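What the coordinates show
Next come the chains, spelled out residue by residue.
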Amino acid sequence: MNADPVVVVGASLAGFSLVRALREHGHDGNITVVGDEPHLPYDRPPLSKEFLQGDIDLALGEGAEANWILGRRANALIRTEAGPGVVLDDGTRIAGHSLVLATGARARSLPGAEKMGGIHTLRTLEDARAIRDSLRTAKTVVIIGAGLIGAEIASTAVTLGIAVSIVEISTDPLTAVFGPHIGPLCAAMHGANGVRLLTGVAVEKFIGDEHVRAVRLSDGTELTADAVVIGIGAVPNTEWARAAGLAVDSGFVTDSLCRTSIPGIYAIGDCARSYNEALGAHHRSEHWTNATVQARIAAATILGAPQQQPIPVPYFWSRQYGRTLQFAGRCRATDEVRFLDGDPSSPSCIALYERDGVPVAVFAIDHPRLFTRYRKHIERLTPMSISAPSLSLS
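Residues numbered from 1 in each chain as written. Predicted model: local features only at pLDDT ≥ 70, side-chain atom pairs only at ≥ 80, totals over all residues. Heavy atoms only, no water.

Topic: the confidence of the model for the chain
The predicted model of the chain averages 93 in pLDDT, with 96% of residues at 70 or higher. Per-residue pLDDT stays below 50 along residues 384-394; that stretch engages in 36 contacts with residues further than four places along the chain or on separate chains. (pLDDT = per-residue confidence, 0-100. Contact = heavy atoms within 4.5 Å.)

Some details on the pattern of salt bridges
Scanning the entire structure with this criterion turns up 17 salt bridges. Ionic pairing is found between R72 and D89, a salt bridge with its closest N-O pair at 2.6 Å. Residue R72 is located in the loop between β3 (67-70) and β4 (74-80), and its partner D89 is located in the loop between β5 (83-88) and β6 (93-95); the two are separated by 17 residues in the primary sequence. One salt bridge connects R106 with E239, and the closest N-O pair in it is separated by 2.8 Å. One end of the pair, R106, is in strand β8 (residues 105-107); the other, E239, is in the loop between β17 (234-236) and β18 (252-254), with 133 residues separating them in the sequence. Using a relative accessible area of 40% as the deciding quantity, one classes E239 as partly exposed. By sharing partners, the salt bridges in this structure join R72, D89 and D90 into a single network. (Salt bridge = Lys/Arg side-chain N within 4 Å of Asp/Glu carboxyl O. Helix = DSSP H or I, 4+ residues; strand = E, 2+ residues; numbered from the N terminus. Buried < 20%, exposed > 50% of the residue type's maximum accessible area, 1.4 Å probe, protein only.)

A closer look at helix α3 (residues 148-159)
Residue pairs spaced three or four apart in an α-helix point in one direction, given the helix's 3.6 residues per turn. Under the 1.5 Å per step criterion, the end-to-end length of α3 is 17 Å for 12 residues, consistent within 8% with the ideal 16 Å. Looking at α3, one finds that the buried residues are L148, G150, A151, E152, I153, A154, S155, T156 and A157. Elements that come into contact with the buried residues of α3 comprise α2 (125-137), β10 (140-144), β11 (163-168), α4 (175-192), β16 (227-230) and β22 (315-320). Positioned one or two residues after α3, G161 has a phi angle of 80°, which is positive. (Expected span 1.5 Å × (residues − 1).)

Structural notes on the sheet that holds strand β13 (residues 203-208)
The sheet built from 3 strands is open, its strands ordered β13-β14-β15 with antiparallel pairing. In this open sheet, the two edge strands, each paired with only one partner strand, are β13 and β15 (222-224). Each strand axis lies, on average, 25° off the axis of its neighbour in the sheet, ignoring direction. Here 5 bridges tie β13 to strand β14 (residues 212-217), and the two strands are oriented antiparallel to one another. The partner of F206 across the bridge, within β14, is V215. (Pairing = 2+ DSSP bridges. Axes fitted to C-alpha atoms, helices over the stretch in contact; angles between N-to-C directions.)

Here's the deal with the environment of A11
Tracing the backbone through its elements, the reader meets A11 in the loop between β1 (6-9) and α1 (13-24). Spatially, the C-alpha atom of A11 lies 7.9 Å from that of E37, the residues being 26 residues apart in sequence. Discounting chain neighbours no more than four positions away, the residues touching A11 are V33, V34, G35, P41, W68 and L70.

As for helix α6 (residues 368-381)
Taking 1.5 Å of rise per residue, 14 residues should cover 20 Å, and α6 covers 20 Å from first to last C-alpha, within 8% of that figure. Inspection of α6 places L370, F371, I378 and E379 among the buried residues, and these make up the whole buried set. Residues of α6 that are buried make contact with β22, β23 (323-329), β25 (349-355) and β26 (358-365).

With respect to the nonpolar core
Most often, soluble globular proteins have nonpolar side chains that are buried together. Counting 41 residues, the largest nonpolar core has L47, I143, V164, F178, I182, Y353 and F363 as the members making the most contacts within it. When near neighbours in sequence (up to four residues on either side) are disregarded, I182 contacts V337, F339, A351, Y353 and F363. Counting residues in hydrophobic clusters, the runner-up holds 30 residues, among them V19, A64, A102 and L257. (Core = buried A, V, L, I, M, F, W, Y, C linked by side-chain atoms within 4.5 Å.)

A short note on unusual backbone geometry
A negative phi angle characterises most non-glycine residues, just as the trans form characterises most peptide bonds. Even without a glycine there, the phi angle at L174 is positive, about 70°. One can find L174 in the loop between β11 and α4. Take L174: its relative accessible area is 7%, and that puts it in the buried class. Of note, S250 is a non-glycine position whose phi angle comes to about 55°, a positive value. Along the polypeptide, S250 turns up in the loop between β17 and β18.

Next up, the structure:
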């Protein structure tokens, strides 16, 4: 098994992490990675933060020895005598003993956005460069979507002296992320830093000719805009492989070991909707840690190696207005939330989410040491062992 060829479709964090995990487990055979971008794998989180203020090193590091085929897109899945494989957009056919789908997701957009200059989404290095170029000359920016990406870009734009408005269709920004207690407090950070937050309204149309100059909202409000950034989520890249008969439901459906419905084919990262034993359901996550954890699980599964125990609980972080927000665990709207120190208006704070008296999640702003302690505590309490159930499509 340690010499069988592996083909990976997707040259971002998940694909890179899989190659490194395979090598760490002793795989010494051929690994081929196909990526549709011309770049070697790079770190995406800084694209909405410090990269918008200047070039920084985005390299993911070493330890991922492979045959990298970059600037090529997989168009179809195939089955060969050698095993599952893909056909690339130039007609090249590549197959291996195992095929791993790590095709990620693409940013959602809005009707009319593609017709005007100055309207951006953020997913790739080229996207970030285009946003950065717009921010260098813009006096007013409208950000559509008050999620983490939108908040991070707003934070950067404010430091550049730009007047920023955020438009959010929901009435409770970030409540789906942090729950009803913490979400509104985090959203209040915008106003405290001079950002105008408009909630409960949608975008009706973009106004401009070749370049956007304003955004009209569903309540009739018009916002002047030298640039617009759309941050309303992402769509998993699965369409290209549907014809092969893979189970797809808001992502490639897999079991807890990252195995799809076709033997020998695995899926990891943003494109995968994997069975989560702690939730008792399938779940798709776009967080950095999920990509690395699933890469390790898939590598061990491919090689028949022991799985890492315990599996870390979900974790993500965000940098906004000079403050670092961290979250670990899984929260529900009904969880009890206790602030252990401060609140979001304080220089630092930490809050614990409890369910039936048991800690299930932790949130912190600029409180890394205590946050890490509670994160580890929650991981010890959470049943996250990995087994090998049959694939369920429910």
